[in-house]
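Structure assessment
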Amino acid sequence: MGTELKVVISDTPVETNQARERGTETPKSPFAAASPIVKKAIASMQCYLEEVGHFTRIDPQEAWLPITESRNGNAYYAAFHTLSSGIGVQALLLPLAFVTLGWAGGIVSLTTAFVWQLYTLWLLIQLHESVPSGTRYSRYLGLSVAAFGDKLGKVMALFPTMYLSGGTCVTLIMIGGGTMRVFFQTVCETAAREFNPLTTTEWYLVFACSAIVLAQLPNLNSIAGVSLISAITAITYCTTIWVVSLTKERPVDVSYRAPEAKSDVARVCDILNALGIIAFAFRGHNLVLEIQGTMPSSLKRPSRLPMWGGVRVSYAIIAMCLFPLAIGGYLAYGNLIPTNGGGMLKAMYKYHGHDTSNVILGLTSLFIVINCLTSFQIYAMPVFDNLEFRYTSNMSKPCPWWLRRGIRIFFGCLTFFIAVALPFLPSLAGLIGGIALPVTLAYPCFMWIVMKKPQRYGAMWCFNWALGCLGMILSVLLVIGAIWTIVRLAIEVHFFKPE
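Here we summarise the structure given alongside this text. Small disclaimer: the values here were computed from a predicted structure and weren't measured. Here, residues in each chain are numbered from 1, in the same order as that chain's written sequence. With the structure being a predicted model, the display of local features is reserved for residues of pLDDT at least 70 and the display and counting of side-chain atom pairs for 80 or more, all residues being used for whole-chain, interface and lining totals. Hydrogens and waters are ignored; side-chain quantities use all the structure's heavy atoms.

So, about the overall build of the protein. In DSSP terms, a helix is any run of H or I states spanning at least four residues, a strand is any run of E spanning at least two, and both are numbered starting from the N terminus. Secondary structure assignment for the protein yields 17 helices and four strands. Within the protein, the proportion of its 499 residues that are buried is 50%. Relative accessibility thresholds used throughout: buried, under 20% of the residue-type maximum; exposed, over 50%; partly exposed, between the two (1.4 Å probe, protein chains only).

Listed below in structure tokens is the structure:
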């Protein structure tokens, strides 16, 4: 796609004479007879080009789409976006995995998943730029197509990435709207008693309208401040919840024994469902390339350097949030953690709502609402980008302002409708984790093998093949285990009746 400019200023006399004698004289550079001043100017231009980067054929469509419309991102923006997508309400479900896996199994599984997904994250960051061609893959789908071909790449990546983005936005509406209701009941007890409170559906609508208004920001770089707010609120409520849970007196009936399974098959499926919950906590890889695509890049400072710097800082913070929340939550409540959604938040309200200040409870709920509202923006951006891509491809011009706003309003209304129609989705965390697992743990390993072509049967070749195959097998097992658990526990499936 791109070509690198190489300028030969002159040939040395010795090399030229020897070439004449062999009859293989290299054609002279057009600048060979240039004056010293011209040669100096050319040398300066070459240095400038090497500093700026490769000559690439700029696709004007890139400048029309929300993800790549602005390329002035930096390591700070990368850290904000990564924290926003890496920490969320899904972390509140982690202690549920410990109920089945126990102390040793839970800690080992959580640590393994964290290291594994951090490695595949590094792979994606390295694969973002193809040095020989000068191509930048600013979307997960684009990298998948480049690695696996047009048809197979779309089949493998289109549904999981769009499902992750759209499904996460639906879940955020449910959790954010439901927590809005809890916040109102906690802070405005008198008003809640005197006036007819809003129904759950109406709270969903309030949240969705707020998300739609905030979604009018034009591109991914423009929501860097929103992602920062998301990161701050997530860190705050995660820390508050595990600190309150550990400092308060533990429930009387707390136990750390795994629930007895009716059969060996049920036990295995419970373990797989627990692993799916852990996998669900580490979603977000479908946004890594998009975040890196907002950065400038040059030969001397490729985008992978600031991106990896921002990711390292953000994932150190993510580890300091997830591990205490999972371990501390299980230590505080054991197998008493509610299994019907809510996780740690519902446990804190259930067991410590009576002896915890309403200020702390209210602020925790408020932070969760703000985090859901701001996280909605970064997960919705790939969907906006994909919809606008269809228009710009067909019309060969950018979306007009009214169509861009219409797309975002339509998406917000669609996610609200699904949230009301399928209110049982938060109970499917294990299933969602199993479906999304290849995007996070398997596909990047295969992409590395295809794109980088490491030595056959070498260390990197074998290691990535092993991880990729293990990730695919684990994904299939997690989906089977989650479905079995859903059927066995008889999760109530009710449509258009959000509670």
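Next, the rest of the story.
Moving on, we get to a nonpolar patch on the surface. A cluster of nonpolar side chains, Trp-103, Ile-107, Leu-246 and Leu-331, forms an exposed patch at the surface whose accessible area comes to about 300 Å². By the element assignment, Leu-246 lies in helix 9 (residues 224-247). Judged by relative accessible area, which is 35%, Leu-246 ranks as partly exposed. Patches here are clusters of residues that have more than 30% relative accessible area and form no salt bridge, with a 9 Å joining cutoff for like charges and a 5 Å cutoff for nonpolar side chains (Val, Leu, Ile, Met, Phe, Trp, Tyr). Here the Shrake-Rupley method, with its probe set to 1.4 Å, supplies the accessible areas, and only the displayed protein chains count as covering residues. The salt bridge definition used is simple: a Lys or Arg side-chain nitrogen within 4 Å of an Asp or Glu carboxyl oxygen.

All right, on to helix 4 (residues 94-127) then. Multiplying 1.5 Å by the residue count of a helix minus one yields the expected span of that helix. Taking 1.5 Å per residue, 34 residues should reach 50 Å; helix 4 reaches only 30 Å between its end C-alpha atoms and comes up short. Fitting axes to the seven residues that end at a residue and to the seven that start at it, the angle between those axes gives the bend at that residue. When the local axis directions of helix 4 are compared, the greatest deviation, roughly 125°, occurs at Gly-102.

Helix 14 (residues 358-395) packs onto helix 9 with a crossing angle of 145° between their chain directions and a minimal axis gap of 8 Å. Considering only the axes of helix 9 and helix 14, their crossing is left-handed. Contacts from Val-226, Ser-227, Ile-229, Ser-230, Thr-233, Ala-234, Thr-236, Tyr-237, Thr-240, Ile-241 and Val-244 of helix 9 reach helix 14 at Ile-360, Thr-364, Phe-367, Ile-368, Ile-370, Asn-371, Thr-374, Ser-375, Gln-377 and Ile-378. When grouped by side-chain class, the residues that make up the contact of helix 9 with helix 14 number eleven nonpolar, ten polar and no charged. To get an axis, a line is fitted to the C-alpha atoms, and for a helix only the part in contact is used. The angle between two axes follows their N-to-C directions and goes from 0 to 180 degrees. Take the far helix as your reference; a near helix turned counterclockwise from it by less than a right angle gives a left-handed crossing, and one turned clockwise gives a right-handed crossing. In this description, contact between two residues means that some pair of their heavy atoms is separated by no more than 4.5 Å. Residue classes follow a fixed rule: Ala, Val, Leu, Ile, Met, Phe, Trp, Tyr, Cys and Pro count as nonpolar, while Asp, Glu, Lys and Arg count as charged, and any other residue, Gly among them, counts as polar.

Let us look at the packing of aromatic side chains. A pair of aromatic rings is counted whenever rings of Phe, Tyr or Trp (Trp by its six-membered ring) have centres within 6.5 Å, and the orientation is called stacked for planes under 30 degrees apart, edge-to-face for over 60 and tilted otherwise. Under the counting rule described, the total for this entry stands at 18 aromatic pairs. Ring geometry for Phe-114 against Tyr-315: centres 6.0 Å apart, planes inclined by 50°, an arrangement best described as tilted. Of this pair, Phe-114 sits in helix 4 while Tyr-315 is found in helix 12 (residues 304-333), placing the two residues 201 residues apart along the sequence. Residue classification places Phe-114 among the buried positions, given a relative accessible area of 12%. Centre to centre, the rings of Phe-148 and Tyr-443 are 6.5 Å apart; their planes meet at 65°, and the pair counts as edge-to-face. With Phe-148 in helix 5 (residues 140-148) and Tyr-443 in helix 16 (residues 429-452), this pair connects stretches of sequence that are 295 residues apart. Overall, Tyr-443 belongs to the buried group, its relative accessible area being 8%. In textbook terms, an aromatic cluster arises when at least three aromatic residues are bridged by ring pairs, as seen for Phe-98, Trp-103, Tyr-256 and Tyr-330.

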